[in-house]
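Here are the chains, one letter per residue:
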Amino acid sequence: MAGSDGAEYFLSCYLTPPGEISVLSARHDHCVALWKSDGRRVDLVRMWEVERISGQKHHAWPLYTPERTVDFLDSLLAPEGLSLSDIKAVWGTPGLPGHADITLPAGAGEFPVHSLAHLYGGLLADTEIFRNETVLALAVDGAPDTVLDSRSPNHWYAGCLSRRGEMAFAPVESPGPLYTAASTRFGLEPGSLMALATACRTAITFDIEAATSSIRLHGGRVTPWKAAFGLVDALVEEARAQLAGRPLDSAFSREENLRSAVMKQVQKACDIVAVRNVELLRSLGEVRTEDAYLSLSGGFALNCPTNTMLLDRFGFRGLLTPPCANDSGQALGLGLLGLHGSGLLDRADLRIDSPYQGTPLRDVDEALEEFAPWIAEVSDFAPDTFVADISDGVLAWVDGPAEIGPRALGNRSLLGDPRSAKVKDLLNQYKQRQWWRPVAPIVLAEHAGTHFAQERLSPYMLEAVRVRPEVAHEVPAVVHLDGTARHQTVTREVNPLLHRAIDAFRAATGVPVVCNTSLNDKGEPNVNTAAEALTFCVNKGITLLYLAGRRVSLRSEPVPAAEPPGRPRRRAVHHFAGQEEDRDALWRIWLERGYTEAGIFLLSWSPDLRAGIGVTPPSTINKLADYYMANDESFAALAATFRRDGGPGAFFVKDDDDLPEPVIVE
């Protein structure tokens, strides 16, 4: 269907399908992408990460009815001047109006659609490179969802050698399960564990090459969990033995010392697996990696040390990885799969070269009016004033459309002076994070070589590069213990106002770098709107916010007197709350058919068993589920989580009477 401008619009949705199947089709990190095609070009118009709308981190709460889902999607499309009736095809979520099946590429049928979507998220982000160059592409994450699969995939992780658009697929391994195992054992997010590995000096000796050579992490018919947990548990046992009675890094607790020592070895194991993957893919043809690009996608593609190791070791021409490399980018990959499969990219050009594809700021004036008691002054951006404001301190910076993906890339950020070690501590205090968590630098792309040992562009903060030792003392707030930093390069073309601000700081100080971390409270997604940003600043006592090109100076005490919000701003929960009755009715359907709760979870786990619904008796499914519950610790734990998070009795919010009315911003 064509819009009023004559173009065709497409939607790719990574949502839980509505209706009966929603009980069996749990997804997390829900997201939606809007595409526009005029026959010559295809553009990513907008991408929405649902967590930024709902406020639920890693949003996983379904829209249980088709009516709710349609209303939600129409609410996203309305500010773009569209509705679902204007969309020609919807990919990725069965049960939606206009849903179309995705035509998969030849030779890719043994992989889950989830993994192929990750793969295409990097492989097809630039059609000129795809059509004219050689690309080694890897999809490496934890585990796929199987909502779009008609049978259990033979392999979980897809690899591909693409030569001028001619693709040869091969199963690869993912280091992701190693981080999943460590995260499960230690109760920390993978990002925190990665940071802890380089924050503490404690280490152990371990023959990690020999240990890693004996495991394979392909997933599929043989899941990777036993191997991954086995290696991590062996490392924990060895670390406890080696560290007993030994002097440890006194800045950390004994448990943190142990975790750091284990994670150093886990990271080495991940690197070994990643190298095996590259060597496998280049063996599919006579490939010189120096003449090829590397594409990484999936959650493990956020592992900056491995990314940099592969680029340096194999000499790739560049890295093709989206800013939303994890499941928050599934809508991106599903859209690229759908566009490719429908032939729309056979001749049309597409290039995604900016992370700023999220929701624009539409509530600036309204937010400034709401927070007027806290606002001392609003003025236009001035470079010299910015330099004075950030020197030896911290400010909030919110501008333009939000960046997509889990990392702040300058449009929803806290910025600070990298020359001050106290700034790192201050940023971590604002974020309620561990003191040892590093903060990342943003550097002017044209000056990156003055402070970092390589000059590759890194626009999405996906590498850990060495800080030049001779200037490391100039930027103590961003240097990790191992001498590296997870930097982002910014260009004038992609983010002109932020570039102008940092360039003013460089002119005044000689340092082309500022500190950057995401603008969000503990357990909260990155802020999305001006009102959310002002709420954060008022709650934290941050007195300077640069908002859509304006400098907003905030009072420490409001005039007239008013109570601060006290907690993160409630987001658009009305889309998702109040569905408990619908959800419970859907569960009753499956229970009344004779399935136990464990049997329902087993169906959600297995496309093969779902394909047999109506043929295989529920009692058979239940007996198989009981066997797994009794003999597989991971199955039992996952079943309990499945029931707790999405079963009867769970709530999206409990204080429904306190729900705000939706605010429509024209």
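Just so it is clear, the model here is predicted, and its values are computed rather than measured. The residue count restarts for each chain, going from 1 along the sequence in the order it is written. Note on the predicted model: pLDDT of at least 70 is required for a residue's local features to be given, and 80 or more for side-chain atom pairs to be given and counted; whole-chain, interface and lining totals, by contrast, use all residues. Side-chain measures were taken over the full set of non-hydrogen atoms in the model, leaving aside hydrogen atoms and water.

Draft legend 1. Broad picture of the packing of aromatic side chains. Pairing of aromatic side chains here covers Phe, Tyr and the six-membered ring of Trp, requires ring centres within 6.5 Å, and sorts the geometry by plane angle: under 30 degrees stacked, over 60 edge-to-face, intermediate tilted. The final tally for this structure, using the stated rule, is 26 aromatic pairs. Seen in terms of ring centroids, Trp-605 and Tyr-628 are 5.8 Å apart; in terms of plane orientation they differ by 85°. Their pairing is edge-to-face. One end of the pair, Trp-605, is in helix H19 (residues 597–605); the other, Tyr-628, is in helix H21 (residues 618–631), and 23 residues separate them in sequence. Whether a residue is buried, partly exposed or exposed follows from its accessible area with a 1.4 Å probe, protein chains only, as a fraction of its type maximum: under 20%, in between, or over 50%, in that order. Judged by relative accessible area, which is 33%, Trp-605 ranks as partly exposed. Assessed through its relative accessible area of 27%, Tyr-628 is described here as partly exposed. Each residue in the set Trp-587, Phe-601, Trp-605, Tyr-627, Tyr-628, Phe-635 and Phe-642 is aromatic and connected to the rest through ring pairs, giving one cluster. Put simply, a charge is over a ring when the Lys NZ or the Arg CZ is close to the ring centre, within 6 Å, and near the line of the ring normal, within 35 degrees. The side chain of Arg-593 reaches across the aromatic face of Trp-590, ending 4.7 Å from its centre. Segments assigned H or I by DSSP are reported as helices when at least four residues long, segments assigned E as strands when at least two residues long, and all are numbered from the N terminus.

Draft legend 2. Looking closely at helix H17 (residues 530–540). Of all 11 residues making up H17, nine are buried, and the element is well covered by its neighbours. Trailing H17 by a residue or two, Gly-541 shows a phi angle of about 75°, which is positive.

Draft legend 3. Summary view of a negative patch on the surface. The grouping of Glu-67, Asp-71, Glu-581 and Asp-582 at the surface amounts to a negative patch. Elements that contribute at least two residues to the negative patch include exactly helix H2 (66–77) and helix H18 (580–592). Any residue with relative accessible area above 30% and no salt bridge may belong to a patch, with like charges joined within 9 Å and the nonpolar Val, Leu, Ile, Met, Phe, Trp and Tyr side chains within 5 Å. Accessible surface is estimated by sampling points in the Shrake-Rupley manner with a 1.4 Å probe; for residues, cover comes only from the protein chains shown. A pairing counts as a salt bridge when a side-chain nitrogen of Lys or Arg comes within 4 Å of a carboxyl oxygen of Asp or Glu. As used throughout, the charge tally considers Lys and Arg to be positive and Asp and Glu to be negative, leaving His and the chain termini uncounted. Taken as the charge location is NZ of Lys, CZ of Arg, CG of Asp or CD of Glu.

Draft legend 4. Quick peek at the sheet that holds strand S2 (residues 31–37). The strand order S3-S2-S1-S4 describes an open sheet built from four strands, whose pairing is mixed. The sheet terminates laterally at strand S3 (42–49) and strand S4 (87–91), the two strands that pair on one side only. Direction aside, neighbouring strands of the sheet carry axes that sit 20° apart on average. As paired strands, strand S1 (residues 8–14) and S2 are joined by seven bridges and run antiparallel to one another. Bridging from a neighbouring strand, Cys-13 pairs with Val-32 of S2. Note on contacts: a residue pair is in contact if any heavy atoms of the two residues lie within 4.5 Å. Between the N-to-C directions of two axes lies an angle of 0 to 180 degrees, each axis being a line fitted to C-alpha atoms and, for a helix, fitted only over the stretch in contact. Taken strand by strand, helix H11 (residues 330–341) contacts S1, S2, S3 and S4, and its axis lies near 35° from that of S2. Two strands qualify as a pair provided DSSP detects at least 2 bridges between them.

Draft legend 5. Structural view of the nonpolar core. Put simply, buried Ala, Val, Leu, Ile, Met, Phe, Trp, Tyr and Cys residues joined by side-chain atoms within 4.5 Å make one nonpolar core. In this structure, Val-266 and Leu-310 are the most contacted members of the largest nonpolar core, which totals 62 residues. Per-element accounting of this core gives the leading share, 12 residues, to helix H9 (residues 254–282). The contact partners of Leu-310, leaving out residues within four places of it in the chain, are Ala-274, Val-275, Val-278, Leu-294, Leu-296, Gly-315 and Phe-316. Leu-361, Trp-397, Leu-534 and Phe-536 belong to the second-largest nonpolar core, a separate cluster that totals 59 residues.

Draft legend 6. Main features of the pattern of salt bridges. By the definition in use, this model includes 32 salt bridges. One salt bridge connects Arg-131 with Asp-349, and the closest N-O pair in it is separated by 2.8 Å. One end of the pair, Arg-131, is in helix H4 (residues 127–132); the other, Asp-349, is in the loop between H11 and helix H12 (364–370), and 218 residues separate them in sequence. Relative accessible area serves as the criterion here: at 24%, Arg-131 is assigned to the partly exposed category. Under the relative-accessibility criterion, Asp-349 is labelled partly exposed at 36%. Here the residues in one salt-bridge network are Arg-46, Glu-80 and Arg-362, joined through shared partners.

Draft legend 7. Seen up close, the packing of helix H6 (residues 190–199) against H9. Running from amino to carboxyl end, H6 crosses H9 at an angle of 95°, the nearest separation of the two axes being 8 Å. Viewed along their axes, H6 and H9 adopt a mutual orientation that is roughly perpendicular. Contacts between H6 and H9 involve Leu-193, Leu-196 and Ala-197 from the former and Glu-256, Arg-259, Ser-260, Met-263 and Lys-264 from the latter. Roughly parallel refers to an angle under 35 degrees, roughly antiparallel to one over 145, roughly perpendicular to one between 65 and 115, and oblique to any angle outside these ranges.

Draft legend 8. A look at the packing of H19 against H21. Interhelical geometry of H19 versus H21 gives an angle of 90° and a closest axis separation of 8 Å. Taken together, H19 and H21 sit at an angle that is classed as roughly perpendicular. Together, Ala-598, Gly-599, Leu-602 and Leu-603 of H19 and Ile-621, Asn-622, Leu-624, Ala-625, Tyr-628 and Met-629 of H21 make up the contact between the two elements.

Draft legend 9. Here's a closer look at the sheet that holds strand S8 (residues 292–297). With mixed pairing, five strands are arranged side by side in an open sheet as S7-S6-S5-S8-S9. Every other strand in the sheet has two partners, leaving strand S7 (166–171) and strand S9 (319–320) as the edge strands with one partner each. For strand S5 (residues 134–139) and S8, the ladder comprises six bridges, and the chain directions are parallel. Among the inter-strand pairings, Ala-139 is bridged to a residue of S8, identified as Ser-297.

Draft legend 10. Quick peek at H19. Burial analysis of H19 places seven of its nine residues in the buried class, which makes it a mostly covered element. Among the residues making up H19, those that are buried are Ala-598, Gly-599, Ile-600, Phe-601, Leu-602, Leu-603 and Ser-604. The inward-facing, buried residues of H19 abut H18, helix H20 (607–611), H21 and helix H22 (633–646).

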